[in-house]
Amino acid sequence: MKSKLFKKNIILLLFLSTFGLSFVSCNSDDVSNLYTFKDSMIGQYLKDSTQYSEFYKLMDTTKVLGLLNSYGSFTCFVPTNDAMHKFYEKRGKTGLKDFPYDSLKIMAYDHVINGSVIRYINFVEGLLPEPTMSNRYLLVWFREGGITKINKTAVILQKDILQYNGVIHVIANSVKMIQNEH
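Residues numbered from 1 in each chain as written. Predicted model: local features only at pLDDT ≥ 70, side-chain atom pairs only at ≥ 80, totals over all residues. Heavy atoms only, no water.

Novice: Looking at this structure, I do not really get the packing of aromatic side chains. What am I missing?
Specialist: How two aromatic rings sit relative to each other is set out by the distance from centre to centre and by the angle between their planes. Under the defined criterion, the tally for this structure stands at seven aromatic pairs. Here the aromatic rings of tyrosine 88 and phenylalanine 99 are separated by 6.1 Å at their centres, their planes lie at 50 degrees, and the arrangement is tilted. Pair noted here: tyrosine 88 is in helix α5 (residues 81-90) and phenylalanine 99 is in the loop between α5 and α6 (101-110), with a separation of eleven residues, a long-range link. For tyrosine 88, a relative accessible area of 1% translates into the label buried. Its relative accessible area of 12% is what places phenylalanine 99 among the buried residues. When the ring of tyrosine 120 is compared with that of phenylalanine 123, the centres are 5.3 Å apart and the planes differ by 55 degrees; the resulting orientation is tilted. Residue classification places tyrosine 120 among the buried positions, given a relative accessible area of 17%. When its relative accessible area of 6% is taken as the criterion, phenylalanine 123 is described as buried. Lysine 152 extends its terminal NZ or CZ atom over the ring of tryptophan 141, reaching a point 5.4 Å from the ring centre. Geometry around tyrosine 120 places lysine 159 over its ring, the cationic atom sitting 4.2 Å from the centre. (Phe/Tyr/Trp six-rings, centres within 6.5 Å; stacked < 30°, edge-to-face > 60°. Helix = DSSP H or I, 4+ residues; strand = E, 2+ residues; numbered from the N terminus. Buried < 20%, exposed > 50% of the residue type's maximum accessible area, 1.4 Å probe, protein only. Lys NZ or Arg CZ within 6 Å of the ring centre and 35° of its normal.)

Novice: Which parts of the structure should I look at to understand the packing of helix α3 (residues 53-61) against α6?
Specialist: When two helices pack together, their arrangement is captured by the angle between the axes and the distance separating the axes. Between α3 and α6, the least distance of the axes is 9 Å, while the angle of their chain directions is 115 degrees. For the pair α3 and α6, the crossing hand works out as left-handed. Residue-level contacts link Leu58, Met59 and Thr61 of α3 to Tyr101, Leu104, Met107 and Ala108 of α6. Here the contact of α3 with α6 is composed, by residue class, of six nonpolar, one polar and no charged. (Axes fitted to C-alpha atoms, helices over the stretch in contact; angles between N-to-C directions. Left-handed = near helix turned anticlockwise from the far one by under 90°. Contact = heavy atoms within 4.5 Å. Nonpolar A, V, L, I, M, F, W, Y, C, P; charged D, E, K, R; others polar.)

Novice: How should the side chain of asparagine 165 be read in this particular structure?
Specialist: Of note, asparagine 165 is situated in the loop between β6 (154-163) and β7 (166-171). Judged by its relative accessible area of 1%, asparagine 165 falls in the buried class. In terms of polar contacts, asparagine 165 uses its side chain to reach the backbone carbonyl oxygen of serine 70, at 2.9 Å. Non-local contacts of asparagine 165, meaning those with residues more than four positions away in its chain, are made with Met41, Ile42, Leu67, Leu68, Asn69, Ser70, Gly72, Ser73 and Phe74. (Polar contact = N/O pair within 3.5 Å; in protein donor to acceptor, adjacent residues only side chain to side chain.)

Novice: What is the right way to look at the pairing of strand β1 (residues 74-79) in this model?
Specialist: Successive residues of a regular strand alternate their side chains across the two faces of the sheet. When you tally the buried positions in β1, you get six out of six residues, the bulk of the element. Burial along β1 is two-sided: Phe74, Cys76 and Val78 and Thr75, Phe77 and Pro79, pointing in opposite directions, are all buried. Across three bridges, β1 lies against strand β2 (residues 112-114) in antiparallel orientation. Across the sheet, threonine 75 pairs through a bridge with isoleucine 113, a residue of β2. (Pairing = 2+ DSSP bridges.)

Novice: Explanation requested: the sheet that holds β2 in the structure shown.
Specialist: Strand pairing within a sheet occurs via backbone hydrogen bonds; the two strands may be parallel or antiparallel. Strand order in the open sheet formed by seven strands is β2-β1-β7-β6-β5-β4-β3, and the pairing between neighbours is mixed. Looking along the sheet, the strands with just one partner apiece sit at the ends: β2 and β3 (126-127). As judged from the five bridges shared by β6 and β7, these two strands associate in the antiparallel manner. Following the sheet pairing, leucine 162 is matched in β7 by valine 167.

Here you go:
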């Protein structure tokens, strides 16, 4: 009889302990535990910066922005607004609206390597180890005075802007300006 009563008391104690734990909640005053990360995604970084607004529009128009706002590993070669406007001029256009959608998509894909974060320290002269989303390999070319070019025309202005989902390299021309030679 005592063993049955003991078992009932143990079961009741376990039930009450489990039931009591269900009322424990998070302390909402401790804000530091509510955030997963502090860095932004590449897409958010582009949105927040006025100097890349044309490239941001390109990424948004082609729906690549959603990818750059997601978890993953990306290397993104981002032309400045000035570089985008020079690209338009060279093509006899005034803006993105003058290009067919398929051309815009290729242009966007030419600037993003999906699945790999390639920091500047890993650049070697020649082709980068991973292709862009348009399945083209980018050519790295080192010049005297610390100047690095992509496809011999796009000068890297700023390297290794680290974001939560990858890295950005700011360029002075669009990488689409010349065709890959390899």
